[in-house]
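Structural features, examined
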Amino acid sequence: MQKMNLEDRIALTHAIVDLLDSWGLAAAEQIALLALPEGTRPGAVRQFRQNTPFPESAQLMERIEHLVGIADALRTSYPHNARMGGIWMNQVNHRFDNRTPLRAMLEDGLGGIIAVRTHLDCAYDWHISGSGGKSA
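Residues numbered from 1 in each chain as written. Predicted model: local features only at pLDDT ≥ 70, side-chain atom pairs only at ≥ 80, totals over all residues. Heavy atoms only, no water.

1. Overview of the packing of aromatic side chains
Taken as a whole and assessed by the stated rule, the structure comprises two aromatic pairs. Ring centres of Phe48 and Phe54 lie 4.8 Å apart, and the angle between their planes is 65 degrees; this geometry places the pair in the edge-to-face category. Taken individually, Phe48 and Phe54 each receive the classification buried, so the pair is uniform in this respect. Both rings, one in Trp88 and one in Phe96, keep their centres 6.4 Å apart while their planes meet at 85 degrees; by these two values the pair is edge-to-face. We classify Phe96 as buried; its relative accessible area is 4%. (Phe/Tyr/Trp six-rings, centres within 6.5 Å; stacked < 30°, edge-to-face > 60°. Buried < 20%, exposed > 50% of the residue type's maximum accessible area, 1.4 Å probe, protein only.)

Here you go:
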(Lines give C-alpha, C1' and ligand atoms only; values in the text may rest on other atoms or scores of the structure.)
Protein backbone atom coordinates (compact mmCIF):
# COMPACT_ATOMS: atom_id res chain seq x y z
CA MET A 1 0.00 0.00 0.00
CA GLN A 2 1.40 3.35 -1.05
CA LYS A 3 1.67 5.97 1.68
CA MET A 4 -0.74 8.86 1.13
CA ASN A 5 -0.05 12.47 1.98
CA LEU A 6 -2.30 14.31 4.43
CA GLU A 7 -4.29 16.11 1.72
CA ASP A 8 -5.07 12.82 -0.07
CA ARG A 9 -6.00 11.12 3.22
CA ILE A 10 -8.43 13.93 4.03
CA ALA A 11 -9.96 13.76 0.53
CA LEU A 12 -10.38 9.97 0.83
CA THR A 13 -11.94 10.37 4.28
CA HIS A 14 -14.44 12.92 2.94
CA ALA A 15 -15.33 10.67 -0.01
CA ILE A 16 -15.94 7.62 2.19
CA VAL A 17 -17.99 9.52 4.79
CA ASP A 18 -20.07 11.04 1.96
CA LEU A 19 -20.60 7.56 0.49
CA LEU A 20 -21.69 6.10 3.82
CA ASP A 21 -23.95 9.11 4.42
CA SER A 22 -25.57 8.53 1.01
CA TRP A 23 -26.30 4.93 2.06
CA GLY A 24 -28.04 6.25 5.18
CA LEU A 25 -25.61 4.98 7.81
CA ALA A 26 -25.60 6.71 11.20
CA ALA A 27 -22.26 7.75 12.68
CA ALA A 28 -22.05 4.72 14.98
CA GLU A 29 -22.77 2.41 12.04
CA GLN A 30 -20.05 4.09 9.98
CA ILE A 31 -17.58 3.51 12.79
CA ALA A 32 -18.61 -0.15 13.01
CA LEU A 33 -18.53 -0.73 9.25
CA LEU A 34 -15.06 0.77 8.96
CA ALA A 35 -13.91 -1.09 12.10
CA LEU A 36 -12.39 2.10 13.45
CA PRO A 37 -10.39 1.67 16.66
CA GLU A 38 -12.33 0.69 19.75
CA GLY A 39 -13.40 3.75 21.66
CA THR A 40 -13.98 5.84 18.51
CA ARG A 41 -17.03 7.90 19.36
CA PRO A 42 -19.78 8.94 16.93
CA GLY A 43 -18.60 12.55 17.28
CA ALA A 44 -15.43 11.56 15.45
CA VAL A 45 -17.45 11.26 12.24
CA ARG A 46 -18.18 14.99 12.50
CA GLN A 47 -14.42 15.58 12.65
CA PHE A 48 -13.93 13.30 9.61
CA ARG A 49 -16.41 15.49 7.72
CA GLN A 50 -14.16 18.44 8.44
CA ASN A 51 -10.38 18.01 8.04
CA THR A 52 -9.45 15.04 10.21
CA PRO A 53 -8.34 12.02 8.16
CA PHE A 54 -9.09 8.43 9.07
CA PRO A 55 -6.33 6.79 11.10
CA GLU A 56 -3.69 5.02 9.04
CA SER A 57 -4.41 1.31 9.12
CA ALA A 58 -4.02 -1.54 6.62
CA GLN A 59 -7.29 -3.09 7.85
CA LEU A 60 -9.17 0.19 7.36
CA MET A 61 -7.70 0.62 3.88
CA GLU A 62 -8.81 -2.91 2.96
CA ARG A 63 -12.38 -2.08 3.95
CA ILE A 64 -12.23 1.23 2.10
CA GLU A 65 -10.96 -0.53 -1.03
CA HIS A 66 -13.97 -2.87 -0.94
CA LEU A 67 -16.42 -0.03 -0.24
CA VAL A 68 -15.06 1.89 -3.23
CA GLY A 69 -15.46 -1.27 -5.32
CA ILE A 70 -19.07 -1.58 -4.16
CA ALA A 71 -19.75 2.07 -4.98
CA ASP A 72 -18.20 1.65 -8.45
CA ALA A 73 -20.30 -1.46 -9.12
CA LEU A 74 -23.46 0.38 -8.04
CA ARG A 75 -22.60 3.29 -10.37
CA THR A 76 -22.18 0.79 -13.21
CA SER A 77 -25.46 -0.95 -12.35
CA TYR A 78 -27.41 2.31 -12.06
CA PRO A 79 -25.67 4.81 -14.35
CA HIS A 80 -28.70 7.08 -14.76
CA ASN A 81 -29.77 7.39 -11.13
CA ALA A 82 -27.09 7.93 -8.48
CA ARG A 83 -29.64 7.47 -5.67
CA MET A 84 -30.41 3.89 -6.71
CA GLY A 85 -27.21 2.65 -5.09
CA GLY A 86 -28.41 3.79 -1.69
CA ILE A 87 -31.83 2.32 -2.34
CA TRP A 88 -30.31 -1.06 -3.34
CA MET A 89 -28.07 -1.09 -0.26
CA ASN A 90 -31.15 -0.67 1.96
CA GLN A 91 -33.47 -3.25 0.37
CA VAL A 92 -33.82 -6.77 1.70
CA ASN A 93 -32.02 -9.25 -0.53
CA HIS A 94 -32.39 -13.03 -0.41
CA ARG A 95 -28.67 -13.35 -1.23
CA PHE A 96 -27.90 -11.95 2.23
CA ASP A 97 -30.30 -14.12 4.23
CA ASN A 98 -33.17 -11.68 3.71
CA ARG A 99 -31.17 -8.82 5.20
CA THR A 100 -30.24 -5.60 3.50
CA PRO A 101 -26.71 -5.49 2.07
CA LEU A 102 -25.88 -2.83 4.68
CA ARG A 103 -27.13 -5.03 7.52
CA ALA A 104 -25.11 -7.97 6.14
CA MET A 105 -21.98 -5.81 6.05
CA LEU A 106 -22.55 -4.47 9.56
CA GLU A 107 -23.34 -7.87 11.06
CA ASP A 108 -20.78 -9.95 9.14
CA GLY A 109 -17.90 -7.46 9.10
CA LEU A 110 -15.26 -7.78 6.41
CA GLY A 111 -16.79 -11.06 5.20
CA GLY A 112 -20.11 -9.30 4.65
CA ILE A 113 -18.45 -6.42 2.83
CA ILE A 114 -16.67 -8.87 0.52
CA ALA A 115 -19.92 -10.81 -0.02
CA VAL A 116 -21.72 -7.64 -1.12
CA ARG A 117 -18.86 -6.66 -3.43
CA THR A 118 -18.70 -10.15 -4.91
CA HIS A 119 -22.45 -10.10 -5.54
CA LEU A 120 -22.30 -6.73 -7.32
CA ASP A 121 -18.98 -6.95 -9.13
CA CYS A 122 -18.62 -10.00 -11.34
CA ALA A 123 -15.11 -8.96 -12.40
CA TYR A 124 -14.00 -8.91 -8.76
CA ASP A 125 -15.74 -12.24 -8.13
CA TRP A 126 -13.98 -13.69 -11.17
CA HIS A 127 -10.64 -12.37 -9.92
CA ILE A 128 -10.91 -13.78 -6.40
CA SER A 129 -12.31 -17.10 -7.56
CA GLY A 130 -9.08 -17.79 -9.40
CA SER A 131 -10.79 -17.71 -12.78
CA GLY A 132 -8.33 -15.06 -13.86
CA GLY A 133 -6.28 -18.03 -14.91
CA LYS A 134 -2.69 -18.71 -14.12
CA SER A 135 -0.83 -20.60 -16.76
CA ALA A 136 0.50 -23.90 -15.56
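2. Topic: the pattern of salt bridges
Within this structure, the stated rule accounts for eight salt bridges. As a salt-bridge pair, Glu29 and Arg103 come within 3.3 Å of each other at their nearest N and O atoms. Of the two residues, Glu29 sits in helix α2 (residues 27-34) while Arg103 sits in helix α6 (residues 101-120), which places them 74 residues apart along the sequence. Looking at Arg103, the relative accessible area reads 34%, which means it is partly exposed. For Arg99, the salt bridge goes to Asp97, with nearest N and O atoms at 4.0 Å. You can call Asp97 exposed: its relative accessible area is 61%. Salt bridges sharing partners connect three or more residues here, namely Asp97, Arg99, Glu107 and Asp108. (Salt bridge = Lys/Arg side-chain N within 4 Å of Asp/Glu carboxyl O. Helix = DSSP H or I, 4+ residues; strand = E, 2+ residues; numbered from the N terminus.)

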